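# Observations on chain architecture
Listed here are the chains, written in short residue letters.
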Amino acid sequence: MLKNYLKTAFRSFKRHKLFTFINVIGLAIGISAALVIFLIVNYDLTFNQNIKDSDRIYRVVSDYSFQGDPFYNSGVTGPLPEAARSQVTGLEVVAPVFTSNYKVTIPAKTPGKFKNQDVAYADKTYFDLFPRQWLAGSATNSLNEPFQVVLSEKQAQKYFPKYTYDQIIGKQVVYADSIKTTVTGIVAEPAGNTDLEFHDFISHSTMMSVADMKKQLIGNWGGTTSNSQMFVKLTPKTTRANIIGQLNRLVTKNTPDANKNSGYKSSLNLQPLSDLHFNSHYGSFNKPVANKTTLYLLMAVAAFLLLLGCINFVNLTTAQATQRAKEIGIRKTMGSSRKQIIVQYLSETLMVTLLAVVISMALSPLILKLFADFISADIKFNPLNNPVLIGFVILLTLVVSFVAGFYPAMVLSKFQPVLVLKNQAYSGTSKTRNAWLRKSLTVTQFIIAQFFIMATILVSKQIYYVLHKDLGFKKDAIVNVFMPWNAKNKSLKDVYVNKIKEMPQVAILSRGGDVPSSNGWSSNDATYRDGKREVKSELYTKSGDENFIKVYHIKLLGGRNVSMADTAHAMIINETYAHLMGFKNANDAIGKYVEFGPKQKRQVVGVFGDFHQASLHAIIKPLAIFPQMYNMDGLHIALKPETAGGNEWKTATAAMEKEWKELFPDDDFEFHFFDDSIAKMYTKEQQISKLLTWAMGLSIFISCLGLLGLAMFTTGARTKEIGVRKVLGATVAQIVALLSRELILLVLLAFVVVTPIAVWAMNKWIQNFADHTSLSWWVFALSGAGMLLTALITLSSQTVRAAVANPVKSLRSE
């Protein structure tokens, strides 16, 4: 029986080669997308799943609100973990983690230097929360004393490649040229996917022995940095709300004035461990944060592409039903049951699907390479070592075979032998029902395709808007270089600055901290008092000398600029903060004093125009710029314009690198053009745009394949009708219009249905931006016109050929 089914299937494929090709290609595209997207989604959704009691583990985070607009920080104040251990009940484990990035030196090894290593200051409670296998040493004897370090097996092999794990115990590792640690333990790499993939664990008590870090831990209740993080494990019966309440009361006890200003609020929150990999508000550690919306979008794309392939199969199979009617009639006459015919046609569908799966397995590695900048390098297509992927492929094959083949099998198996053998396979009702099904499925195809077109155009429009909008500063022809903060000889930095200033390609140079707009930020609690009232708020700060606003063409609206003489006493503020202080005319804030804690006060000496300090997702926040005695290692270099066809900028950066290597040989030279940094802030949107572009192209391709198949069937079935019409005087244009009218109306109907859906969805997406482009009518008109034109071109390949055919041939009787 099986052999007979296979033989029949191969004969059918051979007889209808083009229709089989369309079906296989449509399904192969959908299955390829599903396989790749499964790998991506499964990779992200399995993060932090192998940690015991993960449902009781949380990260303590800081939430802020300024005039109703929320913003977030993954860190906590330095003193909080130790205070929580003694003053908060219901916590089984409190694990502080302070992250940093250091140059590493191995004294006993040549060359023994490793650059830019991420490290975590932690104590043994970290391994109580996130256990690892100990390959040497033990949790009992590690991280108890200052200047101890635990290495991961990967890092141990990297630092000491010629030693066994036991031999590495007791070796010395030096961080940042001054923090000399002794290895007391080596742990295995974490099992499964995790965001907590640290490799160097320095004992947390070491921070108390480093002067600059000691300030973070003692008494600094007003400063929050994302480097200082805190994980807790709740006791089994303790509620999340209970701990949040206790933590906030603890902070209020130590900072009683923090929330007195009605426009500014701060609070602590508990972020579930399961949320760590997906919440972009707080970020992760050394793994990129996944976006659940993007993952859902990916799953929707895979589902839609599979649906389009299945729709093609259903449409073309039911359209060809009459050509196989006599075969079915004879089979039933010879004794075949309806069940046997259903099994036969489902087996044919399974064979088509298996062929599509084989093609998909070959395409998937290529697709992964194509989207290499979109997905993690850890994602590999290796089905032989991935039983979960094999299971998914088997399940997908069965589901697609059933979805694509069930309805056609039911339709074909219902034919009555008596009617079939009289050339009356369909009754009027069933013919109408099948025609309406094909029309409905075709409309569905073009709804999906047109939605992708509309979404692609709008996302591209928003990306163009954010990259070309006036952000309030200059971003072109500016190079950013950050000097090593731990340089042994501080005077070398001045030498390097002077060398750059002398370069002929440099117009002006500024020393400062961070660039005007970035994803990082620094802030302080600030208070303005006018005698009658006080205004407390979170004031964002940036450090820069007198050239900072000149390099970036930030407009000074009133007062004077800062200078290096103002490191302790003066600052300039933006319009937003001047208005928050209560001045309708921003320049009225000049001369006023703002307090930063009980001992520091700065005078406002100037007001500058607002500019966007982050991506356009965020609103403009109150900001101050002032010079500092420290944290001025950022170089903001404005270059002179390049001549036509010139390479002055390339020459300048090469000269900067040369001078760097002479002065800072132990540190890597890195530079960034500021406009490139701005563009990288919208990487997620650019990735979505790329994804939508591919989804749009594939959906149009699959839909047009189906349209082409239906056009071929329609023209073939109406060959004699076309011949009669031509003999009676119909023109080519009239016949083309006749054959195309019905399918074109379906495309137009799809446009009418999809437009309000797209308007709603796109409006919802664009609200994620505080500043965004308009939802223009031409986006939808262009999408509809483009789809209509594509459909007309696809149909014309068959309708024109049928219209110009010789009617004598079409009317000739067999």
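Structure: see above.
Summary of the structure given here. Please read all numbers here as calculations on a predicted model, not as lab measurements. (Residues numbered from 1 in each chain as written. Predicted model: local features only at pLDDT ≥ 70, side-chain atom pairs only at ≥ 80, totals over all residues. Heavy atoms only, no water.)

## Side note on the pattern of salt bridges
Counting across every chain of the model gives 12 salt bridges. With a closest N to O distance of 3.1 Å, E92 and R56 form a salt bridge. Here E92, found in strand 3 (residues 91–105), pairs with R56, found in the loop between helix 2 (17–45) and strand 1 (57–66); they are 36 residues apart in sequence, far enough to count as distant. R56 gets classed as buried once you look at its relative accessible area, which sits at 16%. D566 is the partner of R560 in a salt bridge, and the nearest nitrogen-oxygen pair spans 3.0 Å. Residue R560 is classed as partly exposed on the basis of its relative accessible area, which comes to 39%. Its relative accessible area of 8% is what places D566 among the buried residues. Beyond isolated ion pairs, a larger network of salt bridges with shared partners links D53, R56, E92 and K233. (Salt bridge = Lys/Arg side-chain N within 4 Å of Asp/Glu carboxyl O. Helix = DSSP H or I, 4+ residues; strand = E, 2+ residues; numbered from the N terminus. Buried < 20%, exposed > 50% of the residue type's maximum accessible area, 1.4 Å probe, protein only.)

## Side note on the packing of aromatic side chains
As enumerated under the stated definition, the model contains 34 aromatic pairs in all. With centroids separated by 6.1 Å and ring planes inclined at 80 degrees, the aromatic side chains of F198 and F201 adopt a geometry described as edge-to-face. Of the two residues, F198 and F201, both sit in the buried class. An angle of 80 degrees between the planes, with centres 5.7 Å apart, marks the rings of F473 and F611 as edge-to-face. (Phe/Tyr/Trp six-rings, centres within 6.5 Å; stacked < 30°, edge-to-face > 60°.)

## A few points about the environment of L27
Here L27 lies in helix 2. Here the alpha-carbon distance between L27 and L307, two residues 280 residues apart in the chain, equals 8.7 Å. Once residues within four sequence positions are removed from consideration, L27 is found in contact with G309, C310, F313, V352, T353, A356 and V400. (Contact = heavy atoms within 4.5 Å.)

## Points about the nonpolar core
Counting residues in each nonpolar core, the largest one holds 115 residues, and the members touching the most others are L27, I31, F473, Y552, I554 and M787. The biggest single contributor to this core is helix 2, with 18 residues. Setting aside anything within four residues of it in sequence, one finds M787 in contact with F446, A449, Q450, I453, I700, C704 and V747. (Core = buried A, V, L, I, M, F, W, Y, C linked by side-chain atoms within 4.5 Å.)

## Quick look at the sheet that holds strand 21 (residues 634–639)
If you trace the four strands from one edge of the open sheet to the other, you get 13-21-12-22, paired in antiparallel fashion. Of all strands in the sheet, those with a lone pairing partner are strand 13 (506–512) and strand 22 (671–673), marking the two edges. Geometrically, the sheet is characterised by an average inter-axis angle of 20 degrees between neighbouring strands, direction not taken into account. Across three bridges, the pairing between strand 12 (residues 478–482) and strand 22 is antiparallel. Pairing of V479 across the sheet is with F673, part of strand 22. Relative to the sheet, helix 15 (residues 491–501) contacts strand 12, strand 13 and strand 21, its axis offset from that of strand 13 by approximately 155 degrees. Set on the sheet, helix 18 (residues 648–663) makes contact with strand 12, strand 13, strand 21 and strand 22; between it and strand 12 the angle comes to about 10 degrees. (Pairing = 2+ DSSP bridges. Axes fitted to C-alpha atoms, helices over the stretch in contact; angles between N-to-C directions.)

## What about helix 23 (residues 777–804)?
Think of an α-helix as 3.6 residues a turn; residues three or four steps apart then line up on the same face. Across its 28 residues, helix 23 extends 39 Å between first and last C-alpha, which sits within 8% of the 40 Å expected from 1.5 Å per residue. Largest kink in helix 23: about 40 degrees, centred on S796. All buried positions along helix 23 are accounted for by V779, F780, S783, G784, M787, A791, T794, L795, Q798, T799, A802 and A803. (Expected span 1.5 Å × (residues − 1). Bend = angle between axes of the 7 residues up to and from the residue.)

## Let's talk about the packing of helix 21 (residues 719–727) against helix 22 (residues 732–766)
With their axes 10 Å apart at the nearest point, helix 21 and helix 22 run at an angle of 150 degrees to one another. The angle between the axes of helix 21 and helix 22 places the two elements in the roughly antiparallel class. Like other packed secondary-structure pairs, helix 21 and helix 22 cross with a definite hand, here right-handed. In this structure, helix 21 contributes E721, I722, R725 and K726 to the contact, and helix 22 contributes I735, L738 and L739. The residue inventory of the contact of helix 21 with helix 22, partitioned by class, reads four nonpolar, no polar and three charged. (Parallel < 35°, antiparallel > 145°, perpendicular 65-115°, else oblique. Left-handed = near helix turned anticlockwise from the far one by under 90°. Nonpolar A, V, L, I, M, F, W, Y, C, P; charged D, E, K, R; others polar.)

## Quick look at the side chain of T99
With respect to the helices and strands, the residue T99 is situated in strand 3. Each residue touching T99, except ones within four places of it in the same chain, is listed here: V119, F198, N227 and F285.

## Considerations on the pairing of strand 9 (residues 200–203)
On strand 9, burial covers both faces: D200 and I202 on one face and F201 and S203 on the other are all buried. Bridge count between strand 4 (residues 113–122) and strand 9: three bridges; the pairing is parallel. Looking at strand 9, one finds that Y121 is bridged to I202.

## Comments concerning the packing of helix 11 (residues 338–370) against helix 12 (residues 387–413)
Viewed as axis vectors pointing N to C, helix 11 and helix 12 meet at an angle of 140 degrees, and their least axial separation amounts to 8 Å. When the interaxial angle is binned, helix 11 and helix 12 end up oblique. When you trace helix 11 past helix 12, the crossing you get is right-handed. Every residue of helix 12 that contacts helix 11 at R338, I341, I342, Y345, L346, T349, L350, T353, L354, V357 and M361 is listed here: V393, T397, V400, S401, A404, G405, F406, A409, M410, L412 and S413. For the contact of helix 11 with helix 12, the residue count by class is 15 nonpolar, six polar and one charged.

From the geometry alone we can't say anything about function, so treat these as descriptive.
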